[in-house]
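# Structural characterization, general
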Amino acid sequence: MDALKALHERVSAPRLSAPPPSGDVLANIQKAAFRAADHGRMRPWRFLVLEGEGLNALGELFVRAEETKNVALSDKERERALARPLRAPMVIVAIASPKLNQKVPEIEQVISTGAAVQNMITAAYAQNVGAIWRTGDYAYDKVVMAGLGLQEAEKIVGFLYLGTMDFMPPPAPEAAVSEYFQSWP
């Protein structure tokens, strides 16, 4: 797919099923992360790829996070937390892993990680792989972060759900681009 077409037409795919991307398709998605804007080529990120049992373990981690907030977790709440990672056959946890650098502040490194995720979802779309970037409370939850082995300075930037699109999402509405760009001064 043409790069501009992918950039202009990419949409999130919330309903995903097996199979997940693999082989060269997955490698292309992963390589796209490394073309993100990255001041100083610090590569201030790392990624955890979860499939199969890894998705179940993430669901259990979500349950533990809920239990720390709500001791009396209902069966329905437990099932909902367990099922969240199973909305796709693969989840990539994107982690900002900032490094000390006098010239590159932490915020730039976190933004760079976000740019890496954006590149990955665009690369997925360009290869007809469904993708959706999710965050929510679990991305900021201390229990989840500890369970995934994050270090103190690390942050979850998002959960990238990948799989086969159950249907082609409708095109995104056209934005009034000119309303967001102004000449200055």
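Reading the values: rules and limits
Numbers given for residues are sequential positions, taken from 1 along each chain in its written order. With the structure being a predicted model, the display of local features is reserved for residues of pLDDT at least 70 and the display and counting of side-chain atom pairs for 80 or more, all residues being used for whole-chain, interface and lining totals. No hydrogens and no water enter the side-chain calculation; it runs on all heavy atoms of the structure. For helices the rule is a DSSP run of H or I covering at least 4 residues; for strands it is a run of E covering at least 2, with both sets numbered from the N terminus onward. Here the globule rule is a power law, 2.2 Å times the number of residues to the power 0.38, and the radius of gyration is based on C-alpha atoms. Relative accessible area decides the class of each residue, using a 1.4 Å probe on protein chains only: under 20% of the type maximum gives buried, over 50% gives exposed, and in between gives partly exposed. Note on contacts: a residue pair qualifies if any of its non-hydrogen atoms lie within 4.5 Å across the two residues. A 1.4 Å probe and the Shrake-Rupley method give the accessible areas. Residues count as covered only by the protein chains that appear here. Residues counted as positive are Lys and Arg, residues counted as negative are Asp and Glu, and His and the chain ends are not counted. Charge positions are represented by NZ for Lys, CZ for Arg, CG for Asp and CD for Glu. Two aromatic rings from Phe, Tyr or Trp, using only the six-membered ring of Trp, form a pair when their centres are within 6.5 Å; if the ring planes differ by under 30 degrees the pair is stacked, by over 60 it is edge-to-face, and anything between is tilted. Remark: a charge is flagged as sitting over a ring if the NZ atom of Lys or the CZ atom of Arg is within 6 Å of the ring centre and within 35 degrees of the ring normal. Strand pairing follows a simple DSSP-based rule, namely that at least 2 bridges must link the two strands. Only the contacting stretch of a helix is used when fitting its axis, a line to C-alpha atoms as for every element, and angles between N-to-C directions run 0 to 180 degrees. Orientation categories follow fixed angle ranges, with anything under 35 degrees roughly parallel, anything over 145 roughly antiparallel, 65 to 115 roughly perpendicular, and all other angles oblique. In this scheme, a crossing is called left-handed if the near helix is turned counterclockwise away from the far one by less than a right angle; it is called right-handed if the turn is clockwise. Throughout this entry, Asp, Glu, Lys and Arg are counted as charged residues, while Ala, Val, Leu, Ile, Met, Phe, Trp, Tyr, Cys and Pro are counted as nonpolar. The remaining residues, Gly among them, count as polar. To define a nonpolar core, start from buried Ala, Val, Leu, Ile, Met, Phe, Trp, Tyr and Cys residues and group those joined through side-chain atoms within 4.5 Å.

Secondary structure summary: the protein contains six helices and five strands in total. Rg of the C-alpha trace for the protein: 18 Å, near the compact-globule value of 16 Å for 185 residues, within the 12% margin. Along the first, second and third principal axes, the C-alpha atoms of the protein reach 55 × 45 × 35 Å. Taking all 185 residues of the protein together, the buried fraction comes to 39%. Across the protein, every contact between residues at least 6 apart in sequence was considered, and the portion connecting residues at least 24 apart equals 80%. When the accessible surface of the protein is summed, it comes to about 11100 Å², and 54% of that surface belongs to carbon and sulfur atoms. Computing the positive centroid from 20 side-chain charges and the negative centroid from 21, the protein places the two 4 Å apart.

Turning our attention to the packing of aromatic side chains. For the structure shown, the criterion picks out four aromatic pairs. Ring plane angle 85° and centroid distance 5.6 Å describe the contact between Phe 34 and Trp 45, whose orientation is recorded as edge-to-face. In this pair, Phe 34 is assigned in the loop between α2 (23–33) and β2 (45–51) and Trp 45 in strand β2, connecting sequence segments eleven residues apart. Through successive ring pairs, a cluster of aromatic residues spans Phe 34, Trp 45 and Phe 47. The side chain of Arg 134 reaches across the aromatic face of Tyr 161, ending 5.3 Å from its centre.

This brings us to the pairing of strand β3 (residues 90–96). In regular strands, side chains alternate between the two faces of the sheet. Of all seven residues in β3, seven are buried; the element is thus mostly enclosed. Side-chain alternation along β3 places Met 90, Ile 92, Ala 94 and Ala 96 on one buried face and Val 91, Val 93 and Ile 95 on a second face that is also buried. Inspection of the sheet shows β2 paired to β3 by seven bridges, in the antiparallel sense. If you follow Leu 48 over to β3, its bridge partner there is Val 93.

Here we come to the packing of helix α3 (residues 53–69) against helix α4 (residues 75–83). A packed helix pair is summarised by two numbers, namely the angle formed by the two axes and the spacing between the axes. Between α3 and α4, whose axes approach to 7 Å, the crossing angle comes to 140°. Taken together, the axis directions place α3 and α4 in an arrangement best described as oblique. In terms of crossing hand, the pair formed by α3 and α4 is right-handed. Two secondary-structure elements touch here, α3 through Gly 59, Glu 60, Phe 62, Val 63, Glu 66 and Glu 67 and α4 through Arg 78, Ala 81 and Leu 82. Within the contact of α3 with α4, the residues separate by chemical class into four nonpolar, one polar and four charged.

Grouped together as the largest cluster of nonpolar side chains are 27 residues, with contacts concentrated most on Leu 58, Val 93, Val 144, Leu 148, Ile 156 and Phe 159. Those elements giving two or more residues to this core turn out to be α3, α4, β3, α6 (142–147) and β5 (155–165). Once residues lying within four places of it in the same chain are set aside, the contact partners of Val 93 are Arg 46, Phe 47, Leu 48, Leu 50, Leu 148, Ile 156, Gly 158 and Phe 159. Grouped together as the second largest cluster of nonpolar side chains are 21 residues, Leu 26, Ala 32, Ala 94 and Ala 123 included.

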